[in-house]
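The chain contents come next:
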Amino acid sequence: MKPLNLIALLFFLGGSVWAFTRSDRAVCEVQDVYFSAMSPFLKSGSKLEAKAHAFRQETRRSKELEVELQTVRSNMDRLAIIESRYRELENENEQLRHALNYKKANHFDLVATQVIRRQPTTWWQTVDIDAGEESGIGTQLAVLSSEGLVGKVDRIYKDQNRSSVLLLTDEKCQVSARVEGSPEVGILSGQRGRFDGNPLLRLRFLSTDAALHAGQKVFTTGRGGIFQPNILLGTIDSVEKGALDSEALVRPSVNFADLGTVFVVLTADP
Amino acid sequence: MIRYTFITILLLLAAFVAQQFMPSFAELYQSRILLVQLVFLCTAVTLEQPAMLILAFIGGLFWDAHCALGPHGGSPEVYTQQVESLHFGYSILLFGAMGLLMQGIQPLFRQGKWQISALLSGVVIFLYLTVEYLIITFVRGDFTLTKATLLQMGFTSILTLLFSPLVFGLLFWIAKACGHPIYPQAGRNRRRIH
């Protein structure tokens, strides 16, 4: 080997070791520098992707849209009935709370945002949203849609008013979950190597004799310090019994293939 | 030589910018064109080893900055088995290894057979994705290789490979503009024939 090549190789290895030994904070600083430099291009890229997405949506077959409209109409009628019933129950609940001197019902302080970029990396299930520090958003905040939990804020792009959301379908996004109508509690996360629009999630660490059945709803427990309790995650699809514990496959309540407006939970009343 | 190396570094940085405009194709298992890796691979075969390693360091460092996920959140008492992601800095080594592979066929490239390098870039992209996936599997445990993952890697390699003639064309143009012969052997052979 030529001496110059050897010296270059040694410098290269030294640089690699330097990068490997960076702390999380130092990595964030490197990322801040990188994304600050990319900021103008990221904005244009997001706009382009949003336009392409809108175009794809528009070109969907009209027949498909007709069917969807029909379904939406019937759902709306059904929801109107449910809503009137809900109002009655709310009033009744309010009266009972007053009577029992309970605290006011919990509520979230939400920021509405738009998904502006989908899956910017190869392996991680993430999306970018158009709200960041300026909107009061920080990392590790829950992100919801009207259908349920979407994920959590993973990274804030400094001085850009945009953030990256780690989706519930990613293996790294873990949520403490409970199954409705049962004492079962486990950890819900995405599965590796699932790239279809709505992949099933895996609910692990359930008891060996977990008496669960398909269709049961799964909610957040509120434990773990990130996600508020009672947010809908999905419904049980199937249960796999193991020797030490059981696992369930959960169909997410959110349509991840068609994320538009999502809400970041800034604070929730205790 | 220095001017050519400097311009290839700028070209790699431009590839990072262009990568921001490359969406993933949901219909093709979220595959995408890996322009940064492609520009690096095509450039690596035209450079000497020290310059290639500088490019590998810049490419790997910025690629990790582009992809690295944030730290874990939540109580470790509840989330006892936290899922690790790829460590910052791993891409530098992967870029270096890819560059060395490309330089392995540098003698053929210097004979003017750039098409072989173009084909190899697709193969190396596939290897790169395979190694990345294996590292993820090693770090997280529980080996699972789905058909979707294989197809994603395959489509990404093919889509990226299709762009390699364009990148080589651009490199030849830059080399000509800089007066830097990137395959001198071919030139010598031609002179011998005449």
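These numbers were taken from a predicted model, which means no experiment stands behind them.

Rules and cut-offs
- Residues numbered from 1 in each chain as written.
- Chains lettered and ligands numbered in written order.
- Predicted model: local features only at pLDDT ≥ 70, side-chain atom pairs only at ≥ 80, totals over all residues.
- Helix = DSSP H or I, 4+ residues; strand = E, 2+ residues; numbered from the N terminus.
- Domains from an automatic or database assignment.
- Contact = placed C-beta atoms within 7 Å.
- Nonpolar A, V, L, I, M, F, W, Y, C, P; charged D, E, K, R; others polar.
- Pairing = 2+ DSSP bridges.
- Axes fitted to C-alpha atoms, helices over the stretch in contact; angles between N-to-C directions.
- Core = buried A, V, L, I, M, F, W, Y, C linked by C-beta atoms within 7 Å.
- Buried ≥ 20, exposed ≤ 12 C-beta atoms within 10 Å, placed from the backbone.

## A closer look at the overall build of chain B
And step 1. A count of helices and strands for chain B gives nine helices and zero strands.
And step 2. The secondary structure elements of chain B, listed N-terminal to C-terminal, are α-α-α-α-α-α-α-α-α.
And step 3. The C-alpha extent of chain B, read off along each of the three principal axes, is 75 × 30 × 30 Å.

## Details of the domain arrangement of chain A
Residue and element names in this part refer to chain A.
And step 1. By the assigned domains, chain A splits into domain 1 (3-58) and domain 2 (108-270).
And step 2. Its C-alpha centre places domain 1 at a distance of 26 Å from the equivalent point of domain 2.
And step 3. Contacts between the two partners involve eight residues from domain 1 and, on the opposite side, eight residues from domain 2.
And step 4. Its residues assigned to classes, the side of domain 1 that touches domain 2 shows two nonpolar, four polar and two charged.

## Section: the sheet that holds strand β7 (residues 185-189) of chain A
Residues and elements named next belong to chain A.
And step 1. Around the barrel, six strands lie side by side as β6-β7-β8-β11-β10-β9; this closed barrel has antiparallel pairing. Neighbour-to-neighbour, the strand axes of the sheet open up by a mean angle of 40 degrees, direction not taken into account.
And step 2. By the bridge criterion, three bridges tie β7 to strand β8 (residues 201-206) in an arrangement that is antiparallel. Bridge pairing in β8 places Ile187 opposite Arg204.

## Looking at the nonpolar core
And step 1. Ranked by internal contacts, the top residues of the largest apolar core, which has 96 residues, are A:Leu149, A:Val150, A:Leu188, A:Val218, A:Leu233 and B:Ala56.
And step 2. If one sorts the elements of this core by residue count, helix α3 (residues 49-67) of chain B sits on top with ten residues.
And step 3. There are two domains that each give this core at least three residues, and those are domain 1 (3-58) and domain 2 (108-270) of chain A.
And step 4. With residues near it in sequence (within four places) discarded, A:Leu233 still touches A:Gly148, A:Leu149, A:Val175, A:Ala177, A:Leu188, A:Val218, A:Phe219, A:Thr220, A:Val250, A:Pro252 and A:Ser253.

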